[in-house]
Each structure stands twice: as C-alpha cells, then as structure tokens.
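Chain residues, written in single-letter form:
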Amino acid sequence: MNLQKAYDVIIVGGSFAGLSAAMSLGRALRSVLVIDGGSPCNRQTPFTHNFLTQDGQSPQHITETGKAQVLKYPTVSFCEGMAVSGMQTADGFEIETQQGEIFKAKKLIFCTGIADQMLPIPGFSDCWGISVLHCPFCHGYEVISETTALLGKGNTGFGLCRLISNWSKNVVLFTNGASDLSEEQASKIAGRKIQLVETEIDHLEHENGYLQKIVLNDGSHWKVNAMYAPVPFKQHCDIPASLGCNFDEHGYIDTDEFRRTSVPGVYAAGDNITTYRAVSYAVSSGSIAGITCSKDLIEDEF
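Remember, predicted model here, so these are calculated numbers, not experimental data.

**Student:** Explain the nonpolar core to me, and be specific about the residues and the numbers.
**Tutor:** Nonpolar side chains in soluble globular proteins tend to end up buried together. Of all hydrophobic cores here, the largest spans 24 residues; its most connected members are V9, I11, L25, V34, V76, I109 and C293. Per element, the largest residue contribution to this core is 6 residues, and it comes from helix 1 (residues 16-27). Not counting residues within four places of it along the chain, the set of residues in contact with L25 comprises V9, I11, R30, V32, I109, G290, C293 and S294.

Laid out in structure tokens, this is it:
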C-alpha cells in the first residue's frame, strides 16, 4: 500500500479502539493513517466475552474482521510499525516510526493501550490472560465451577474476595506473605469460608498457560484452575506524555467525555484512559474519539 506523508488524522494503535476510531473517520471521508505495532495487551487471551454479537470470539478474529471492514473505506491506510516519537508543528503534528518514517497529520488519536507489568512469579506471565485473569466481568462466567485463587494483600486482597464471591463459592486468598488484612477484614473473609494462605508462592504449574497448581515456598501446593491477580501497568506509548498530555492520579491519560486530551488536537481512547478494560468500552470510546475528531476538523475548516 502506498502511504502518503500527510493525513487529516493519525491513529496510533490499531486494536479495538483504534479500528473503531478509524471507521468513524473513514465514514466521514477523512484521510487516516493507522500505525500499529501488533502487540495488543490481550494477545494471549483466547476468547473475548461480554461483547454483544461477539461473545466467545477470539480477539484476533475480531480485530482481523474489523480491519477488513475498515479497509473498505478508501481514505484509511495502515502502517505496520511502532510509533516512537511525536512533535507538534505549526500546522499539526508529526509522528516518527521505528523504521524512521515520518508522517504528518492535523490531529492525533492515541489508542495505544497499557503494558501490564508481570509479577515476578515463575509461570505467572505464561498464564496471564488465559487462566490468570484481571476481570470477572470478562472471564468470570467461564470459571464459575473452578477452584479460584485470588492474589493480593490488604485492601486489594479483601476487595478481590468481596468481588469474586459473586462468581465462585470455592475461593482461596493468597497474600504471598503477611496478609496485611485488618481484623474486621479477616473476620469477614473467614465468615465467607474463604481460605487464607500467607505462605509465599514459589511458582505456578500450568499446561500451555492453563493453571494446574500453585506451589508454595514450603513445598506444599494448591490445585486451582483459575486465579485473579491485579498487576501494575505503565502506558504502552510515551508520546502523549512528551506532547504534554495530562494524566490522572492512576496513570491514565486524562480526557474529557468526548475523548479530547489536555492538548488541543490530541485525543485518546481505549485502555490507556480508564480502569474499565473491556472490548466493548474500547470500541465505544474509539468511536467517540473518531466522531469528536471529525467534528473538530469540520469546525476548524468551516
């Protein structure tokens, strides 16, 4: 595909939010370049759930279908590569890719997601998104009959116990050391018959990412098939920060309800702006960003 050097809009990130934004803009007759590095945060996740009409489909199937549909709009182009830097210019913005290509646009939309930081437990990263889970609304129904492990201490661990008790009645809380639970929290957990294990974890035994056992430092083990574990994250892309975008106290890009960032002409959508990580939300926020960007271009030009 022959790429131009200047576009109305560059979208950085071509997963659910980016594809949705591209569709809105393509239907608005805007020239759009989607730059995608091909590393979505859900790349290990076998199935997508809680997304109307696509429940049970693989993320790859949804993105491939979405890309094929978006490419039917002749003003939308794709560039496979990683955007590594960006700058503001007199008439818009420039984005440079890892390959050294430089593209210009009047507006930018960042749909770059976040990078989950894996816990230093052998086997953890292999199971992430498969049997070590982040969201019961996305994956809880599929493991309701399984013995379920929770990983967290203090308020985090207690919050997990309260939340996951809706999906499973056979729950074990692993705190990987001292629990840091208050007496009231420990009492409530015990009252729910949730077992508490404070021994540190040595490793996770699994088969192709499907959890089999949690092995502890004392040599004992627990047979479990699913685990919920919150992990820290960082922004997958540093360009919004370099452009001066504001971030909230949790580290997400700060946007208004129309997905405008604090920098005029820059928008953001998807996992990089919210704790609510779901395919349906990413698609929705991408659509809002694309529509808002299109309307702003129309107002600029009229």
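**Student:** Can you tell me about the sheet that holds strand 14 (residues 221-223), naming the residues and giving the values?
**Tutor:** Pairing is antiparallel in the open sheet, where 3 strands are placed in the order 12-13-14. Edge strands, defined here as strands with exactly one partner in the open sheet, are strand 12 (201-207) and strand 14. Here the average twist between neighbouring strands, direction ignored, is 25 degrees. Pairing between strand 12 and strand 13 (residues 210-216): 6 bridges, direction antiparallel. Among the inter-strand pairings, H203 is bridged to a residue of strand 13, identified as V215.

**Student:** Explain the side chain of T63 residue by residue, including any values.
**Tutor:** Relative to the assigned elements, T63 resides in helix 2 (residues 59-70). At 3.0 Å, the side chain of T63 forms a polar contact with the backbone oxygen of Q60.

**Student:** Describe the environment of G209, naming the residues involved and giving the relevant values.
**Tutor:** Position of G209 among the secondary structure elements: in the loop between strand 12 and strand 13. Overall, the relative accessible area of 1% leaves G209 in the buried class. The spacing of G209 and I130 is 79 residues in sequence and 6.0 Å in space, taken between C-alpha atoms. Ignoring any residue separated from it by four or fewer positions in sequence, one finds G209 in contact with D126, C127, I130 and S131.

**Student:** Before we move on, could you go through the packing of aromatic side chains and cite the residues and values that matter?
**Tutor:** Inspection of every chain in the model, using the stated rule, returns 6 aromatic pairs. Measuring from centroid to centroid gives 5.7 Å for Y276 and Y281, while their planes differ by 85 degrees, and the two rings are edge-to-face. Seen from the ring of F78, K67 lies directly overhead, with NZ or CZ sitting 4.7 Å from the centre.

**Student:** Could you give me a rundown of the sheet that holds strand 10 (residues 171-174), with the residues and numbers involved?
**Tutor:** Read across the sheet, 5 strands follow the order 8-15-9-10-11 without closing on themselves; strand pairing throughout is parallel. Each edge of the open sheet is held by one strand with a lone partner, namely strand 8 (132-133) and strand 11 (195-197). Across the sheet, helix 5 (residues 154-164) lies against strand 9 (148-151), strand 10 and strand 15 (226-228), angled at about 150 degrees from strand 9, the strand it touches most.

Rules used throughout
Residues numbered from 1 in each chain as written. Predicted model: local features only at pLDDT ≥ 70, side-chain atom pairs only at ≥ 80, totals over all residues. Heavy atoms only, no water. Core = buried A, V, L, I, M, F, W, Y, C linked by side-chain atoms within 4.5 Å. Buried < 20%, exposed > 50% of the residue type's maximum accessible area, 1.4 Å probe, protein only. Helix = DSSP H or I, 4+ residues; strand = E, 2+ residues; numbered from the N terminus. Contact = heavy atoms within 4.5 Å. Pairing = 2+ DSSP bridges. Axes fitted to C-alpha atoms, helices over the stretch in contact; angles between N-to-C directions. Polar contact = N/O pair within 3.5 Å; in protein donor to acceptor, adjacent residues only side chain to side chain. Phe/Tyr/Trp six-rings, centres within 6.5 Å; stacked < 30°, edge-to-face > 60°. Lys NZ or Arg CZ within 6 Å of the ring centre and 35° of its normal.

The values are spatial; any link to function lies outside them.
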